[in-house]
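These are the residues of each chain, in order.
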Amino acid sequence: MTDETGDIGCRREGCALLTDGVRASGYEDPEDCPSIVHENSQRVGDDTRTNVERIPEQNRVSLHSGLELDAETVLNVSRDVWAKVILIAGAEGSGKTTLLASLYDSFQRGPFEGFSFAGSLTLPAFERLCHLSRIASLRETPETERTPRGDRRRYFHLSLTDVSSEDRCDLLFSDLAGEQFRLVMNSEDECRKLAVARRADHVAVLADGQKLISLESRAAVLSDVRRLLRSLLDCEMIGGQTVVEVLFSKWDLVKAGDQNAAGVSYAERVEEELRHTFSDRVGNLRFLKVAARPQNDSVPFGYGLDTLLTHWARESLFMSGVEAHTVSPEPPLSEFDRFGLRYPMRA
Amino acid sequence: MSERVAASEHLLIGLPATGKTTFLAALWHLVESAEIPGTLRLSKLEGDREYINELARKWQQCEPLPRTPVSSQSLVSMRLRDPEGAREIEVAIPDISGEAFRQQWTDRFWSRGFDKLVTGSSGALLFLHPNEIVEPFRIDQANLLVDAAGHASGRSEEGAKETVAWSHELAPTQVILTDVLQFMHYRRGPGRPMKVAIMISAWDLVESEGKTPQNWCEARLPLLLQFLQSNPQFWATRYYGVSAQGGDLDQHRDTLLRHVPASKRVRITGPDAAEHDLTAPLRWLFD
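Residues numbered from 1 in each chain as written. Chains lettered and ligands numbered in written order. Predicted model: local features only at pLDDT ≥ 70, side-chain atom pairs only at ≥ 80, totals over all residues. Heavy atoms only, no water.

Some words on the overall build of chain A
Next up, step 1: A count of helical and extended segments in chain A gives 14 helices and 11 strands.
Next up, step 2: Split into buried and exposed, the 347 residues of chain A put 57% on the buried side.
Next up, step 3: Taking all contacts inside chain A whose residues are at least 6 apart in sequence as the whole, residues at least 24 apart take part in 75%.
Next up, step 4: Accessible surface for chain A amounts to roughly 15100 Å². Of this, 47% is attributable to carbon and sulfur atoms. (Helix = DSSP H or I, 4+ residues; strand = E, 2+ residues; numbered from the N terminus. Buried < 20%, exposed > 50% of the residue type's maximum accessible area, 1.4 Å probe, protein only. Contact = heavy atoms within 4.5 Å. Areas by Shrake-Rupley, 256 points an atom, 1.4 Å probe, with all protein chains shown as cover.)

Re the overall build of chain B
Next up, step 1: Along chain B, the regular secondary structure elements total 10 helices and 10 strands.
Next up, step 2: Whereas a compact globule of 287 residues would reach a radius of gyration of roughly 19 Å, chain B reaches 20 Å, a difference of no more than 12%.
Next up, step 3: When its C-alpha atoms are laid out on the principal axes, chain B stretches across 75 × 45 × 30 Å.
Next up, step 4: The proportion of buried residues among the 287 residues of chain B is 58%. (Rg over C-alpha atoms; globule rule 2.2 N^0.38 Å.)

A few points about the nonpolar core
Next up, step 1: Core analysis: the largest hydrophobic core is formed by 76 residues, its most contacted members being A:Phe173, B:Leu11 and B:Met184.
Next up, step 2: The dominant element in this core, judged by the number of residues it contributes, is helix 6 (residues 173-188) of chain B, at 7 residues.
Next up, step 3: Residues A:Val77, A:Leu222, A:Met237 and A:Phe248 belong to the second largest nonpolar core, which totals 46 residues. (Core = buried A, V, L, I, M, F, W, Y, C linked by side-chain atoms within 4.5 Å.)

Regarding the sheet that holds strand 5 (residues 83-90) of chain A
Next up, step 1: Strand order in the open sheet formed by 7 strands is 6-7-8-5-9-10-11 (chain A), with mixed pairing between adjacent strands. A single partner strand is all that each edge strand has here, and the edge strands are strand 6 (115-119) and strand 11 (284-289) of chain A. Strand-to-strand twist across the sheet, computed as the mean angle between neighbouring axes with direction ignored, equals 30°.
Next up, step 2: Relative to the sheet, helix 3 (residues 96-106) of chain A contacts strand 5, strand 7 (155-162), strand 8 (168-174), strand 9 (202-208) and strand 10 (243-249) of chain A, its axis offset from that of strand 5 of chain A by approximately 140°.
Next up, step 3: Relative to the sheet, helix 8 (residues 222-230) of chain B contacts strand 6, strand 7 and strand 8 of chain A, its axis offset from that of strand 6 of chain A by approximately 80°. (Pairing = 2+ DSSP bridges. Axes fitted to C-alpha atoms, helices over the stretch in contact; angles between N-to-C directions.)

Notes on the packing of helix 1 (residues 20-33) of chain B against helix 2 (residues 50-60) of chain B
Residues and elements named next belong to chain B.
Next up, step 1: One can describe the packing of helix 1 onto helix 2 by two numbers: an axis separation of 8 Å at closest approach and a directional angle of 90°. As far as their axial angle goes, helix 2 and helix 1 are roughly perpendicular. On helix 2, the residues that touch Thr21, Thr22, Leu24, Ala25, Ala26, Trp28, His29 and Glu32 of helix 1 are Tyr51, Ile52, Asn53, Leu55, Ala56, Trp59 and Gln60.
Next up, step 2: When the residues that make up the contact of helix 1 with helix 2 are grouped by side-chain class, the tally is 9 nonpolar, 5 polar and 1 charged. (Parallel < 35°, antiparallel > 145°, perpendicular 65-115°, else oblique. Nonpolar A, V, L, I, M, F, W, Y, C, P; charged D, E, K, R; others polar.)

Focus: the side chain of B:Arg108
Next up, step 1: Here B:Arg108 lies in the loop between helix 3 (98-107) and strand 6 (109-111).
Next up, step 2: Here A:Ser65 takes part through its backbone oxygen, which lies 3.0 Å from a polar atom of the side chain of B:Arg108.
Next up, step 3: Contact partners of B:Arg108, with chain neighbours within four places excluded, come to A:Val61, A:Ser62, A:Leu63, A:His64, A:Ser65, A:Gly66, A:Pro124, B:Gln103, B:His168, B:Asp179 and B:Phe183. (Polar contact = N/O pair within 3.5 Å; in protein donor to acceptor, adjacent residues only side chain to side chain.)

Here's the deal with the packing of helix 3 of chain A against helix 12 (residues 305-314) of chain A
Axis angle and axis distance: for two packed helices, these are the angle between their axes and the distance between the axes, and together they describe the pair.
All names here are of chain A.
Next up, step 1: At a minimum axis separation of 11 Å, helix 3 and helix 12 run at an interaxial angle of 85°. Our classification of the angle between helix 3 and helix 12 gives roughly perpendicular. Seen from helix 3, the contacting residues are Leu99, Ser102 and Leu103; seen from helix 12, they are Leu305, Leu308, Leu309 and Trp312.
Next up, step 2: Taken together, the residues of the contact of helix 3 with helix 12 sort by class into 6 nonpolar, 1 polar and no charged.

Side note on the pairing of strand 10 of chain A
All names here are of chain A.
Next up, step 1: Within strand 10, 7 of the 7 residues are buried, which leaves the element mostly enclosed by the surrounding structure.
Next up, step 2: Side chains of strand 10 alternate between two faces, with Val243, Glu245, Leu247 and Ser249 and Val244, Val246 and Phe248 buried alike.
Next up, step 3: Sheet topology note: the strand 10/strand 11 ladder contains 6 bridges and is parallel. Paired with Val246 across the two strands is Phe287, which belongs to strand 11.

Notes on the confidence of the model for chain A
Residues and elements named next belong to chain A.
Next up, step 1: On average, residues of chain A score 81 in pLDDT, and 75% of them reach the 70 mark or higher.
Next up, step 2: Every residue in residues 1-28 scores below 50 in pLDDT, and together they form 69 contacts with partners more than four places removed in sequence or on other chains.
Next up, step 3: With pLDDT under 50 throughout, residues 32-46 is counted as low confidence; its partners more than four residues away or in other chains account for 57 contacts. (pLDDT = per-residue confidence, 0-100.)

Considerations on the pattern of salt bridges
Next up, step 1: In total, this model carries 38 salt bridges over all chains according to the counting rule given.
Next up, step 2: A:Asp162 is paired through a salt bridge with A:Arg314; the nearest N and O atoms lie 2.9 Å apart. Of this pair, A:Asp162 sits in strand 7 while A:Arg314 sits in helix 12, and the two are 152 residues apart along the sequence.
Next up, step 3: Looking at A:Asp162, the relative accessible area reads 8%, which means it is buried.
Next up, step 4: Take A:Arg314: its relative accessible area is 46%, and that puts it in the partly exposed class.
Next up, step 5: Among the ionic pairs, A:Arg192 bridges to A:Glu188, the shortest N-O distance being 2.9 Å. Of this pair, A:Arg192 and A:Glu188 both sit in helix 6 (residues 188-193), 4 residues apart, roughly one helical turn.
Next up, step 6: Residue classification places A:Arg192 among the partly exposed positions, given a relative accessible area of 40%.
Next up, step 7: A relative accessible area of 48% places A:Glu188 in the partly exposed class.
Next up, step 8: Through salt bridges with shared partners, one network takes in A:Asp105, A:Arg109, A:Glu127, A:Arg134, B:Arg138 and B:Asp140. (Salt bridge = Lys/Arg side-chain N within 4 Å of Asp/Glu carboxyl O.)

Quick look at the structure:
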């Protein structure tokens, strides 16, 4: 039998395809049969044709793209399943993407802080995030790709198992550009557009440690965090249902590059003031020191991420205040629905 | 008298050069020759055997086995019976190119034919080769090693020189395999769990490390292991170390050719597996 892709046959004894060339093992379309072989191509030897060249479009089964998810998908999914939404906020260059990359990378070497990797719908996206810190990039020093401004597809998925309890936990992380948070600080309208904040279980605001050790820039660190939290609170995007973590990032630089401990003292002052201003306006306010990818050996790789992950995975005020989940009767909207929802996210 | 058991199809999963075809060739020789007591053996010849006979011939002569072309889905069918003759099993194993699995990760689709295989298979054998594993080494780790070795490290003053942009092809082995298994999980759905035998090929290269196959996997592919262990409701796993060729063809060809019977070249270690019983994973998949 010949078709547009060449002669085809079947290796199964007794298959009708061998005699009448019409049906193969009951499949209307012989190409559907797993036993089908293309006679011209089954000879052992070099064959460099790609899937794209080899499999006609109508004969393809799509799999999840693995790309970052968009905000609509995150909101849609988080309504229907018990995924925790983590909004990672902060100014440009404060270390949001590096934090996320290092968290994912921690599981590449084994379970992390009592959690075991259980899956991800965004594996290629995570891999791209980590690329500039891997030797495969052929770089000599690790780097993080700058998050594209205005890109709405910037959400990542990570599924974990709590090793001690065997509970499953799904986390959805944002990786939005710092410029977007600048807009949130400056405009009520822009703040209200950040709909995912309203659904966030955790809002992690990064206070750039590198700026804390500079007399010129440290005041701006405090005011950026203060403005951001005030904007989100005043627009009622976050509140009593939200756990807020203020993360002093790049703590290795604060520790090592600060002979007089001025940065450490200033961080304490930031903590005191923010605690005084916001602690009774959010569900929980916590301060942590992190160094996702230290540039010196004063702290280990991923410093502080262990504690942070434990909070993110185990604590949700949002979920404790809502009804048990119900699956939306609406048709699926995105690939996350198509692939994620048929794969229960909660054990 | 034999009790006929329903036929089953098993997937061979693995990236290029991980020993899938060598396993098939050695398996065919083993079941056809019945040289090793206690193993499954061929009960009846089935279908077109040109492909597998040619592979087995090369295996017997200790010739390198050719790479499976990416467009091939050569199906190897065997009707086997256990040594006591109590039952017969019919096994169909498509020999799929490792490049096809890599392309699934890259292109994010597969063919309808392969989809039928995934949804219809009873189980899978997932192949790993110790020399073909891309690990997710970080730059800071590499620089530490270089510094510890007393070198002035490869870092140049002007920073990065020629760098490589990200592409799917650069991903670590454990990430690619995890995503391919996730594809299978999604396509089958949560109600259709799957057994997967993790087959570490060329086990002779690493057995001196003194690890069990599972421990070895834990050390070299921890993300994959976490994924499998975190989803026990879907994935049932067993780990085997396999030397289907028996050793390195370049270095030990003469020694390997001297084995009598030839099946004794084969070595396997794992649960319920006697030293040369390459059929042990199949028995487990079928049980």
